[in-house]
Amino acid sequence: MKRVLITGGAGFIGSHVVRLFVNKYPGYHIYNLDTLTYAGNLENLKDIEQKKNYSFLKADINDVEEMDKLFQTHQFDGVIHLAAESHVDRSITDPLAFVKTNVLGTLSLLEAAKKQWQSDFSGKRFYHISTDEVYGTLGETGLFTEATNYDPNSPYSASKASSDHFVRAYGETYGLPYVISNCSNNYGPNQFPEKLIPLFINNITHKQALPVYGDGNYTRDWLYVIDHAVAIDLIFQQGKNRETYNIGGFNEWKNIDLVKLLCQKMDEKLGRAAGESEQLITFVKDRPGHDLRYAIDASKIYRELGWKPSVTFEEGLVKTIDWYLEHETWLKNVTSGDYQKYYQKQYK
Ligand code: NAD
Ligand code: TYD
């Protein structure tokens, strides 16, 4: 039996990865380690929590001794590390929290893995889930490849870049077997409504303003979260040791065009007049250090691992809207309490 540690499994992407592994690999034991910050929610995993090959470990990756103890107790063979502070706007107001979890937390996992595995690294793998934001920003043309230099602009992307460097350094210095993937913006069910798409779905539903930063002419490359989870599985199983894989949907959207499409689809779903939700668009003060454009060249993972996205953007967006409209209680629960304080501080 393989024992796989997935960190951040109660979060957005992590919960989809945990579900995929628990269902697909009955012969593995999947340990979901999460400290349950505002972004972690065990509701995301209700359907698999009773499975015999699944355990939840409530722990903080910043706790060096605890990570060491858990590695000793459970003898993990593989780590898929997603736990992180993940929202750029929060990194602008509280950069230290990002350095703590994303850099030091990753280091405490690396230390625990090194200590546990160093007598025999065979069959072991440390997989760091990273972001395309480490590459900085593109102009109007070009794509990020695996060879693009790191050039992060936000405290979030700087912290992810730093953790990527540490993972590589552990590979070079100690021989730790690792793999890294850098993915573009994800969307889909279970995403915390601080990120663009779920925030705007929630606001459209409640006829609240849609705060578009700057002129809205910023471009992101969007990928459906389940396609990311499938790519993570492929890379974990078949990716080459010490390599990086870029993951993206060849699916670039200017924010303003995406928001208009979302408004149109929501009007159809909610039975509103065409153009009604677009009236909610409000251009607000820009995000400082706002990266103009992200776009991924995902040809390596297409070519080497045979991966490609399974849904078009319109299909994924409609699935996402349906999920949020069908999960009103989930949304209500995560937007009560501290969310309101965050919202007031960020947008008022
Ligand atoms: P998320 O914010 O939804 O979830 C993060 C999870 O990590 C939460 O469950 C949280 O409780 C947990 N966590 C945070 N700090 C922790 C700590 N100290 N100890 C243990 N658990 C902790 O994030 P997400 O959007 O699912 O992103 C997951 C990973 O994927 C991150 O590493 C992120 O950088 C990366 N990524 C995200 C995107 C995206 O578009 N969301 C794109 C590319 C890469
Ligand atoms: P976000 O979902 O925060 O992801 P990231 O910053 O990691 O790309 O934002 C996606 C884009 O949407 C980004 O260009 C910022 C913009 N945006 C807004 O215009 N308004 C908002 O309220 C939010 C949260 C984001």
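Going by the structure above, here's the rest.
Cut-offs used in this document
Residues numbered from 1 in each chain as written. Chains lettered and ligands numbered in written order. Predicted model: local features only at pLDDT ≥ 70, side-chain atom pairs only at ≥ 80, totals over all residues. Heavy atoms only, no water. Core = buried A, V, L, I, M, F, W, Y, C linked by side-chain atoms within 4.5 Å. Buried < 20%, exposed > 50% of the residue type's maximum accessible area, 1.4 Å probe, protein only. Helix = DSSP H or I, 4+ residues; strand = E, 2+ residues; numbered from the N terminus. Near = heavy atom within 4 Å. Polar contact = N/O pair within 3.5 Å; in protein donor to acceptor, adjacent residues only side chain to side chain. Areas by Shrake-Rupley, 256 points an atom, 1.4 Å probe, with all protein chains shown as cover. Nonpolar A, V, L, I, M, F, W, Y, C, P; charged D, E, K, R; others polar. Pairing = 2+ DSSP bridges. Axes fitted to C-alpha atoms, helices over the stretch in contact; angles between N-to-C directions. Contact = heavy atoms within 4.5 Å. 1 Å grid on protein atoms, 1.4 Å probe; cavity = no way out; pocket = protein on both sides within 12 Å on 5 of 7 lines; lining within 4 Å. Points joined across faces, edges and corners; volume = space filled by probe spheres on them.

**Here's the deal with the nonpolar core**
- Within the largest apolar cluster, 43 residues are counted, with the highest numbers of intra-cluster contacts made by Ile6, Phe21, Ile80, Tyr127, Ile247 and Ile301.
- Contributing elements (two or more residues each) for this core: β1 (2-7), α1 (12-24), β2 (28-34), β5 (125-131), β6 (178-183), α7 (225-238), β10 (243-247) and α9 (299-305).
- Residues Ile201, Ile204, Trp330 and Tyr343 belong to the second largest nonpolar core, which totals 33 residues.

**Here's the deal with the site of ligand 1**
- Close contacts around ligand 1 come from 30 residues, with Ile13, Asp34, Ser86, Tyr156 and Lys160 the closest.
- Here Gly11 contributes a backbone N or O atom positioned 3.0 Å from an oxygen atom of ligand 1.
- Within the contact set of ligand 1, an oxygen atom lies 2.8 Å away from a backbone nitrogen or oxygen of Ile13.
- Coverage of ligand 1 by the protein amounts to 96% of the 840 Å² it exposes when considered alone.
- Only α1, β5, α5 (155-174) and β7 (185-187) provide two or more residues apiece to the shell around ligand 1.
- Considering every element that reaches the shell around ligand 1, the biggest residue donor is β5, with three residues.
- A class-by-class count of the residues in the shell around ligand 1 yields 13 nonpolar, 13 polar and four charged.

**Things to note about the sheet that holds strand β4 (residues 78-81)**
- Ordered in space as β3-β2-β1-β4-β5-β6-β10, the seven strands form an open sheet in which the pairing is parallel. Both outer strands of the open sheet, β3 (54-58) and β10, are each paired with one neighbouring strand and no more. Between one strand and the next, the sheet's axes are offset by a mean angle of 20 degrees, whatever the strand orientation.
- Here β4 pairs with β5 via four bridges, running parallel. Note on β5: the bridge partner recorded for Val79 is Phe126.
- Sheet strands in contact with helix α2 (residues 64-74) are β1, β2, β3 and β4, and its direction is about 165 degrees off that of β2.

**Re the layout of surface pockets**
- Its boundaries defined by the atoms lining it, the second largest pocket holds a volume of some 490 Å³.
- Residue contributions to the lining of the second largest pocket peak at five residues, all from helix α12 (residues 338-347).
- Residue composition of the lining of the second largest pocket, grouped by class: nine nonpolar, three polar and nine charged.

**Details of the pairing of strand β9 (residues 219-224)**
- Of all six residues that make up β9, six are buried, and the element is covered over most of its length.
- Residues Thr219, Asp221 and Leu223 line one face of β9 and the alternating positions Arg220, Trp222 and Tyr224 line the opposite face, and both faces are buried.
- Pairing geometry for β7 and β9, over three bridges, is parallel. Among the inter-strand pairings, Asn185 is bridged to a residue of β9, identified as Trp222.
- Summarising the sheet, β9 and strand β11 (residues 252-254) pair through three bridges and their orientation is antiparallel. Note that in β11 the partner of Thr219 across the bridge is Lys254.

**Side note on the site of ligand 2**
- Glu133, Arg220, Arg287, His290 and Tyr347 are the nearest of the 20 residues found near ligand 2.
- Interatomic distance of 2.8 Å between a backbone N/O atom of Pro211 and a nitrogen atom of ligand 2.
- Here an oxygen atom of ligand 2 and a side-chain polar atom of Arg287 are 2.5 Å apart.
- For ligand 2, whose free accessible area comes to 510 Å², the fraction covered by protein is 97%.
- Of all the secondary structure elements, the ones that give two or more residues to the shell around ligand 2 are α3 (88-93), α6 (196-205) and β8 (210-213).
- For the shell around ligand 2, the class distribution of residues is 10 nonpolar, four polar and six charged.

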